[in-house]
Amino acid sequence: MRLRVLGCSGGIGGRHLRTTSFLVDTDVLVDAGSGVGDLSLAELTQIDHVFVTHSHLDHVTSIPFLVDTVGGMRDRPLTVHATGPTIEILKNHLFNWAIWPDFTEIPTAAAPFMRYEEVDLGRTVTIAGRKITPVPAVHTVPAVGYHLDSGSASLVFSGDTGPNDELWEIVNRIPNLKVLIVETAFSDKERQLAEVSKHLCPSMLAEELAKLDLDPEVWITHLKPGEIELTMQQIADGAGRHRPRMLQNGLVFEF
Ligand SMILES: [Zn+2]
Ligand SMILES: [Zn+2]
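In this report, we go over the structure that sits alongside the text. A quick note: this is a predicted structure, and the numbers were derived from the prediction, not measured.

## Notes on the overall build of the protein chain
For step 1, the next point in the chain: Along the backbone of the protein chain there are 8 helices and 14 strands.
For step 2, the next point in the chain: For a compact globule of 255 residues, the expected C-alpha radius of gyration is about 18 Å, and the protein chain comes in at 17 Å, within 12% of that figure.
For step 3, the next point in the chain: For the protein chain, the spread of C-alpha atoms along the three principal axes comes to 55 × 35 × 30 Å.
For step 4, the next point in the chain: Residues classed as buried in the protein chain amount to 54% of the 255 residues present.
For step 5, the next point in the chain: In the protein chain, the proportion of contacts linking residues at least 24 apart, taken out of those at least 6 apart, comes to 59%.
For step 6, the next point in the chain: Approximately 10,800 Å² of the protein chain is accessible, and the part contributed by carbon and sulfur atoms is 53%.
For step 7, the next point in the chain: Put simply, the protein chain has 21 plus and 33 minus side-chain charges, and the middle of one group is 4 Å from the middle of the other.

Shown next, in the form of structure tokens:
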């Protein structure tokens, strides 16, 4: 599998900061933040699946534009994979005819541009041999991360999460784990904000990574614009043997 970072920032700004989205091969998105807008029309039309971690706008903002833009050029619906509670939120608060039309009924309910598919924690979805499994996340809304397994190696994306013991129990049982992408949304000076918004800051990340028994590459995502250097310095000072690196747009992981 090949995962390309389309966006990995906690915000927007300039030509480099885009919100969370990863393109897996040519046909699968994990989250659909503002980075999706950098894809060409030809690339957008090839996307068949979006796996959503949670309903926050920085992770779903491009789904409405994607489906509207390419729906009429495709011969099958875009499948939006998410947990039941997240699908309910998307139906009620995004594709509700007020913010955006309900594309599960456009052009017709029988042959729509978009459909939902429910995922569950721990239940693997296999798409052309590629295994995608939701893993636990702890956030202010229902949330998951994802474990992607090509058969030869695995990548785990934490999604947005605060401290998360359950995740590490699962991650420690992935023998072919090659890449871990984990969020650190705030610097330590905003630890209280990290706690109430259920994100991590560097001191919390250090506590979390202490629970990781394996030795994957560790990449940091969801850094807040304006605090990037400070947060990465605090991570470098405290994160120990895993030596986390900063995720950036355009990075490609083969696994
Ligand atoms: Zn969030
Ligand atoms: Zn987020």
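## Section: the pattern of salt bridges
For step 1, the next point in the chain: Considering all chains together, one arrives at 16 salt bridges under this definition.
For step 2, the next point in the chain: Ionic pairing is found between Asp 48 and Arg 74, a salt bridge with its closest N-O pair at 2.9 Å. Taken together, the residues span a long stretch of sequence, with Asp 48 in the loop between helix H1 (41-45) and strand E4 (49-51) and Arg 74 in the loop between helix H3 (62-70) and strand E5 (78-82) at a distance of 26 residues. Taken individually, Asp 48 and Arg 74 each receive the classification buried, so the pair is uniform in this respect.
For step 3, the next point in the chain: Notably, a salt bridge pairs Asp 215 with Arg 241, separated by 2.7 Å at the nearest N-O pair.

## Thoughts on the coordination of the zinc ion (ligand 1)
For step 1, the next point in the chain: His 54 (NE2), His 56 (ND1), His 139 (NE2) and Asp 160 (OD) make up the full set of protein donors to the zinc ion (ligand 1), lying at 2.2 to 2.4 Å.
For step 2, the next point in the chain: Taken together, the 4 donor atoms coordinating the zinc ion (ligand 1) span angles of 89 to 168 degrees at the metal, a pattern that classifies the geometry as irregular.
For step 3, the next point in the chain: Linear spacing of the donor residues for the zinc ion (ligand 1) on their chain is H-x1-H-x82-H-x20-D.
For step 4, the next point in the chain: The metal-metal distance between the zinc ion (ligand 1) and the zinc ion (ligand 2) comes to 3.5 Å, with Asp 160 coordinating both. Highlighted residues: His 54 in the loop between E4 and helix H2 (57-60) and Asp 160 in the loop between strand E10 (154-157) and helix H5 (165-171), separated in sequence by 106 residues.
For step 5, the next point in the chain: Its relative accessible area of 0% is what places His 54 among the buried residues.

## Let's talk about the packing of helix H7 (residues 202-209) against helix H8 (residues 228-238)
For step 1, the next point in the chain: Packing of H7 against H8 leaves a shortest axis separation of 9 Å and a crossing angle of 35 degrees. The two elements H7 and H8 cross, and the hand of that crossing is right-handed. Where H7 abuts H8, its residues Pro 202, Leu 205 and Ala 206 lie against Thr 231, Gln 234, Ile 235 and Gly 238.
For step 2, the next point in the chain: Here the residues of the contact of H7 with H8 are counted per class, giving 4 nonpolar, 3 polar and no charged.

## As for the packing of aromatic side chains
For step 1, the next point in the chain: Scanning all chains against the criterion turns up 5 aromatic pairs.
For step 2, the next point in the chain: Residues Phe 65 and Trp 100 carry aromatic rings whose centres are separated by 5.5 Å and whose planes lie at 80 degrees to one another, so their mutual orientation is edge-to-face. In this pair, Phe 65 is assigned in helix H3 and Trp 100 in the loop between helix H4 (84-93) and strand E6 (114-118), connecting sequence segments 35 residues apart.
For step 3, the next point in the chain: Arranged with centres 6.2 Å apart and planes meeting at 20 degrees, the rings of Phe 103 and Phe 113 form a pair that is stacked. Of this pair, Phe 103 sits in the loop between H4 and E6 while Phe 113 sits in the loop between H4 and E6, and the two are 10 residues apart along the sequence.
For step 4, the next point in the chain: The exposure class of Phe 103 is buried, given its relative accessible area of 4%.

## Brief notes about the coordination of the zinc ion (ligand 2)
For step 1, the next point in the chain: For the zinc ion (ligand 2), the full set of protein donor atoms is Asp 58 (OD), His 59 (NE2), Asp 160 (OD) and His 222 (NE2), and the range of their distances to it is 2.1 to 2.2 Å.
For step 2, the next point in the chain: Around the zinc ion (ligand 2) sit 4 donor atoms; with metal-centred angles ranging over 90 to 167 degrees, the donor geometry is irregular.
For step 3, the next point in the chain: Going along the chain, you hit the donors of the zinc ion (ligand 2) in the pattern D-H-x100-D-x61-H.
For step 4, the next point in the chain: Of the residues examined, His 59 reaches a relative accessible area of 0% and is grouped as buried.

Thresholds, definitions, all that
- Residues numbered from 1 in each chain as written.
- Chains lettered and ligands numbered in written order.
- Predicted model: local features only at pLDDT ≥ 70, side-chain atom pairs only at ≥ 80, totals over all residues.
- Heavy atoms only, no water.
- Helix = DSSP H or I, 4+ residues; strand = E, 2+ residues; numbered from the N terminus.
- Rg over C-alpha atoms; globule rule 2.2 N^0.38 Å.
- Buried < 20%, exposed > 50% of the residue type's maximum accessible area, 1.4 Å probe, protein only.
- Contact = heavy atoms within 4.5 Å.
- Areas by Shrake-Rupley, 256 points an atom, 1.4 Å probe, with all protein chains shown as cover.
- Lys, Arg positive; Asp, Glu negative; His and termini not counted.
- Charge placed at Lys NZ, Arg CZ, Asp CG, Glu CD.
- Salt bridge = Lys/Arg side-chain N within 4 Å of Asp/Glu carboxyl O.
- Donors = N, O, S within 2.8 Å, 3.2 Å for Na, K, Ca; no water.
- Tetrahedral: all angles 85-135°; square planar, octahedral: opposite > 155°, others 65-115°.
- Axes fitted to C-alpha atoms, helices over the stretch in contact; angles between N-to-C directions.
- Left-handed = near helix turned anticlockwise from the far one by under 90°.
- Nonpolar A, V, L, I, M, F, W, Y, C, P; charged D, E, K, R; others polar.
- Phe/Tyr/Trp six-rings, centres within 6.5 Å; stacked < 30°, edge-to-face > 60°.

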